[in-house]
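# Geometric and topological summary
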Amino acid sequence: MKSRNSNTAVKIGIFDSGIGGLSVVRATHELLPGLDIIYVADQAHVPYGRRQMTEIRSFSEQITRFLLAQGVDLVVVACNTASAAALKYLRQTFPSLPIVGMEPAVKPASQQSLTRAVGILATPATFQGELYQSLVHKYGEGLQIYQDTCAGLVEEIEAGHLKGSNTRHILEMALEPMLANKVDTIVLGCTHYPFVLSLLREIAGDKIQVIDPAPAVARRVGTLLKSEFDYQDHPDKKASFNFFTSAAPILFQYQIDTLLGYQGEIQKLIWKNEDGLEIETKE
Ligand code: DGL
């Protein structure tokens, strides 16, 4: 890791199982437009949500090692599922690396809900994790919490079906009992879900508050970069983006163009069983 307080050339790594973390890239770039970002999408293994915690932990460790080898100063685990499975472990394994993780926004939902009924959309692994259980324990008192894993939604979003009939059906099934029970706040507990926000609003209506934690994560990144590296964003510096995927770069290029429209190099990563990740070399 670079020495602290070296404001120049600070760069961060952000990762997710797929394109979900791009919602965090977007929020971070909006807040810190000059910050260089390296993004890893482990699309060879998406979705993480139905995998074993130990497996997700091992993927997360190898991706973090890869990002460190690329010279990043801070890592954002832009995935609620990987945070549930690995955040604690990553902080123990890389004690000098600033790491920002994600957690379902139970606390803000509890603070904001007037009906005292909230809906939480997240993956099975996120709901099973200790992190979520501890949030419910801490902030869930007097709150009716309706959970849904939205089975198949991550796959639909990865396939680009942001408004498709199956996507709509999955969301309707998830939201129906929540709306019937008068939830006034819905938490997006998976970074993929902000990409179906407009469909969710069509189904749930405009009066429902939807909490997307990406802007809060971006603010946390800004605060940590300032305190650890004295980083200040310069409006005239243009950010550079390096994108990596462990699946097909052509598809990933299309997804980035559609969802973000940012320009950056896209490279393919190959999983080497014991040695982690390697960049595919072009012949
Ligand atoms: N985007 C991820 C999350 O925030 C993971 C989705 C998945 O791979 O299952 O939970």
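Above this note sits the structure.
A short tour of the structure in this document, coming up. (Residues numbered from 1 in each chain as written. Predicted model: local features only at pLDDT ≥ 70, side-chain atom pairs only at ≥ 80, totals over all residues. Heavy atoms only, no water.)

### Observations regarding the overall build of the protein chain
Along the backbone of the protein chain there are 11 helices and 11 strands. Radius of gyration (C-alpha) of the protein chain: 18 Å, near the 19 Å computed for a compact globule of 283 residues. For the protein chain, the spread of C-alpha atoms along the three principal axes comes to 55 × 40 × 40 Å. Across the 283 residues in the protein chain, those meeting the buried criterion constitute 52%. If you take every contact in the protein chain between residues at least 6 apart in sequence, the share linking residues at least 24 apart comes to 77%. (Helix = DSSP H or I, 4+ residues; strand = E, 2+ residues; numbered from the N terminus. Rg over C-alpha atoms; globule rule 2.2 N^0.38 Å. Buried < 20%, exposed > 50% of the residue type's maximum accessible area, 1.4 Å probe, protein only. Contact = heavy atoms within 4.5 Å.)

### What about the sheet that holds strand 5 (residues 117–121)?
The parallel open sheet is built from 4 strands, whose spatial order is 6-5-7-8. Whereas interior strands pair on both sides, the edge strands pair on one side only; in this sheet they are strand 6 (144–148) and strand 8 (209–211). When strand polarity is set aside, the average angle formed by the axes of neighbouring strands in this sheet is 20°. Against the sheet, helix 8 (residues 165–180) contacts strand 5, strand 6 and strand 7 (185–188), and its axis sits at roughly 170° relative to strand 6. (Pairing = 2+ DSSP bridges. Axes fitted to C-alpha atoms, helices over the stretch in contact; angles between N-to-C directions.)

### Observations regarding the pattern of salt bridges
Tallying each qualifying case throughout the model produces 10 salt bridges. Between Arg51 and Glu55 there is a salt bridge; the shortest N-O distance is 3.1 Å. As a salt-bridge pair, Arg168 and Glu172 come within 3.7 Å of each other at their nearest N and O atoms. Pair noted here: Arg168 and Glu172 are both in helix 8, with a separation of 4 residues, about one helical turn. Here Glu172 falls in the partly exposed class, since its relative accessible area comes to 32%. (Salt bridge = Lys/Arg side-chain N within 4 Å of Asp/Glu carboxyl O.)

### Re empty space enclosed by the protein
Rolling a probe over the atoms, with the probe sized like a water molecule, indicates the empty space that remains. In this structure the tally under the stated criterion is 2 cavities of 30 Å³ or more. Roughly 70 Å³ of volume is contained in the largest cavity. Taken together, 14 residues make up the lining of the largest cavity; nearest its centre are Ser17, Thr81, Thr123, Cys190 and His192. Residue composition of the lining of the largest cavity, grouped by class: 5 nonpolar, 8 polar and 1 charged. Here the second largest cavity is characterised by a volume of approximately 30 Å³. Looking at the lining of the second largest cavity residue by residue, the classes come out as 6 nonpolar, 3 polar and 1 charged. (1 Å grid on protein atoms, 1.4 Å probe; cavity = no way out; pocket = protein on both sides within 12 Å on 5 of 7 lines; lining within 4 Å. Points joined across faces, edges and corners; volume = space filled by probe spheres on them. Nonpolar A, V, L, I, M, F, W, Y, C, P; charged D, E, K, R; others polar.)

### Re the nonpolar core
Counting residues in hydrophobic clusters, the biggest one holds 59 residues, and the most contacted among them are Leu22, Val76 and Leu225. A per-element tally of this core places helix 10 (residues 214–229) first, with 7 residues. Val76 has contacts with Ile12, Gly13, Ile14, Phe15, Val24, Val100, Val217 and Val221, leaving out every residue within four places of it along the chain. By size, the runner-up hydrophobic cluster in this structure holds 25 residues, among which are Leu67, Cys79, Ala82 and Leu277. (Core = buried A, V, L, I, M, F, W, Y, C linked by side-chain atoms within 4.5 Å.)

### As for the site of the ligand
Taken together, 14 residues sit near the ligand, with Ser17, Tyr48, Gly49, Thr81 and His192 positioned nearest. Asp16 is positioned with one of its side-chain polar atoms (N or O) 3.0 Å from a nitrogen atom of the ligand. Note that an oxygen atom of the ligand is positioned 2.6 Å from one of the backbone N or O atoms of Tyr48. If the ligand stood free it would expose 300 Å²; the protein chains cover 99% of that surface. (Near = heavy atom within 4 Å. Polar contact = N/O pair within 3.5 Å; in protein donor to acceptor, adjacent residues only side chain to side chain. Areas by Shrake-Rupley, 256 points an atom, 1.4 Å probe, with all protein chains shown as cover.)

### Let's talk about the environment of Thr64
Checked against the element boundaries, Thr64 lands in helix 2 (residues 53–69). Put simply, Thr64 and Phe15 are 49 residues apart on the chain and 8.4 Å apart in space, counted from C-alpha to C-alpha. Discounting chain neighbours no more than four positions away, the residues touching Thr64 are Phe15, Val75, Leu90, Phe94 and Leu97. Of the polar contacts made by the side chain of Thr64, one reaches the backbone oxygen of Ser60; its length is 2.8 Å.

### A closer look at the environment of Glu158
Within the secondary structure, Glu158 sits in helix 7 (residues 153–158). Accessibility expressed as a relative area gives 10% for Glu158, which makes it buried. Considered as a pair, Glu158 and Tyr146 are 12 residues apart in the sequence and their alpha carbons are 25 Å apart. From its side chain, Glu158 meets the backbone nitrogen of Ile19 in a polar contact 2.7 Å long. Within the structure, Glu158 has its side chain in polar contact with the side chain of His192 (distance 2.7 Å).

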